[in-house]
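Fold and geometry: a report
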Amino acid sequence: MKTESQKGSSLAVVICISALFLAFALAMLYTAGLLLSQANQRLRQERSYQLAQSFAKALGEELKRYQKPEEAPEKTFYTYACQFLDGVYGEYDPDHPEATVFHYTAAMPEGEDAAPYGEIRVVLYKEANQEQEGSMSGVLSPAEGPDAIINERILRYVFTVEVTAKVDGASYSYRTEYRQMAVYEAEFQCGDRVVVWNKDDNQWHYETSLGTPVLEQDGDIRYTFQPGQIKRCEFADAVYVGEES
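Residues numbered from 1 in each chain as written. Predicted model: local features only at pLDDT ≥ 70, side-chain atom pairs only at ≥ 80, totals over all residues. Heavy atoms only, no water.

Side note on the overall build of the protein chain
Stated formally: Secondary structure elements follow DSSP: runs of H or I no shorter than four residues count as helices, runs of E no shorter than two count as strands, and numbering proceeds from the N terminus. Only protein chains enter the accessibility calculation, which uses a 1.4 Å probe. A residue is then buried if its area is under 20% of the maximum for its type, exposed if over 50%, and partly exposed in between. Contact criterion: two residues are considered in contact whenever any of their non-hydrogen atoms come within 4.5 Å of each other. Methods summary: accessible areas were calculated by the Shrake-Rupley approach with a probe of 1.4 Å, and residue burial reflects only the protein chains presented.
Regarding its fold elements, the protein chain presents four helices and eight strands. Reading the secondary structure of the protein chain in the N-to-C direction produces α-α-α-β-β-β-α-β-β-β-β-β. Put simply, the protein chain has 245 residues, and 35% of those count as buried. The contacts of the protein chain with a sequence gap of at least 6 include a subset with a gap of at least 24, amounting to 71%. When the accessible surface of the protein chain is summed, it comes to about 14800 Å², and 52% of that surface belongs to carbon and sulfur atoms.

Digging into the pairing of strand E4 (residues 154-167)
Selection criterion: Paired strands, in this sense, are two strands between which DSSP finds at least two bridges.
With respect to burial, E4 is a largely interior element, 12 of its 14 residues being buried. Relative to E4, strand E2 (residues 119-128) runs antiparallel, the two sharing 10 bridges. Considered in E4, the bridge of Ala 128 is made with Tyr 157. Two strands pair when backbone bridges link them, and E4 and strand E5 (residues 170-190) are joined in this way by 13 bridges, in the antiparallel orientation. Note on E5: the bridge partner recorded for Val 167 is Ala 170. Between the antiparallel neighbours E4 and E5 lie two residues, among them Asp 168 with a positive phi of about 50°.

Topic: the pattern of salt bridges
To be explicit about the condition: Throughout this description, the term salt bridge denotes a Lys or Arg side-chain nitrogen within 4 Å of a carboxyl oxygen of Asp or Glu.
Counted by the stated rule, this structure contains six salt bridges. For the salt bridge of Arg 156 with Asp 86, the shortest nitrogen-to-oxygen distance reads 2.9 Å. You can see Arg 156 sitting in strand E4 and its partner Asp 86 sitting in the loop between helix H2 (77-85) and helix H3 (97-100), a full 70 residues away along the chain. Residue classification places Arg 156 among the buried positions, given a relative accessible area of 12%. By relative accessible area, which is 16% here, Asp 86 ends up buried. Across the pair Arg 175 and Glu 162 runs a salt bridge, and its minimum N-O distance is 3.8 Å.

Quick look at the environment of Asp 218
Structurally, the position occupied by Asp 218 is in the loop between strand E7 (203-206) and strand E8 (221-244). C-alpha of Asp 218 to C-alpha of Cys 190: the two residues are 28 residues apart in sequence and 7.3 Å apart in space. When neighbours within four sequence positions are excluded, Asp 218 is seen to be in contact with Cys 190, Tyr 206 and Pro 213.

Some points on the nonpolar core
Put simply, the rule is: Buried Ala, Val, Leu, Ile, Met, Phe, Trp, Tyr and Cys residues form a nonpolar core when they are joined through side-chain atoms within 4.5 Å.
The biggest cluster of nonpolar side chains holds 47 residues, and the ones touching the most others in it are Phe 159, Val 161 and Phe 235. Apart from residues lying up to four places away in sequence, Val 161 is in contact with Leu 59, Phe 77, Val 122, Val 123, Leu 124, Tyr 174, Arg 175, Thr 176 and Tyr 178.

Some thoughts on unusual backbone geometry
One non-glycine residue with positive phi stands out, namely Asn 202, at about 55°. Looking at the secondary structure, you find Asn 202 in the loop between strand E6 (193-198) and E7.

Things to note about the side chain of Glu 162
With respect to the helices and strands, the residue Glu 162 is situated in strand E4. Aside from chain neighbours lying at most four places away, what touches Glu 162 is Arg 121, Val 122, Val 123, Ser 173, Tyr 174 and Arg 175.

Here it is as structure tokens:
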């Protein structure tokens with residue numbers, strides 16, 4: 001009887017130890033599966049980050065490739081950005097983002113292959129530079145020439161490009177803010193008449209460079225920059241901001 005009791009106790013111990021090892025093995029499998037899942041999630045997040053960053057920088061390089069609208073081919077992102085900033089698109093309103101954030105159908109930048117990028121979404125919005133808003137017009141004395149005005153670089157808008165890349169359920173948004181530095185065509189008037197600068201005699205003349213000279217007693221020369229008539233446009237001071245989702 002004693003021997004059988006010992007055998008029974010030994011069997012119970014073996015069963016308990018086996019159950020313990022089984023539980024430990026299952027726990028290890030669960031932990032390994034959890035770690036693998038987390039590693040895969042981090043890998044997807046990292047890939048979406050790399051794709052969003054790469055695409056955003058490709059768009060940025062295209063923006064910086066040109067300095068004048070006439071230099072850029074029609075279907076480039078640079079051309080679209082210039083038209084977006086000085087076109088009919090409204091300025092960003094945080095109270096109404098659905099009406100002031102615009103989606104861009106992302107044609108690939110020149111030289112880029114679309115295949116590695118997965119699902120890409122690009123949204124754009126613009127915000128006026130409040131300090132510059134009052135500087136779209138001004139006055140000169142009749143003795144002053146127009147050179148400083150016709151070459152003035154104006155920071156009129158902050159242009160935001162947000163690229164979101166989605167890969168296997170993981171997504172990452174990469175937002176870039178650019179300062180648009182633009183040189184606009186200017187119109188000059190004295191009173192209600194157009195005036196033109198004559199470089200030969202260094203004087204303002206009414207209507208044409210050969211028209212009646214403007215006299216000092218006629219008053220100041222008023223200039224107005226013409227929105228939509230950009231002579232030069234550069235995108236500077238990029239700031240990169242990333243966000244996982």
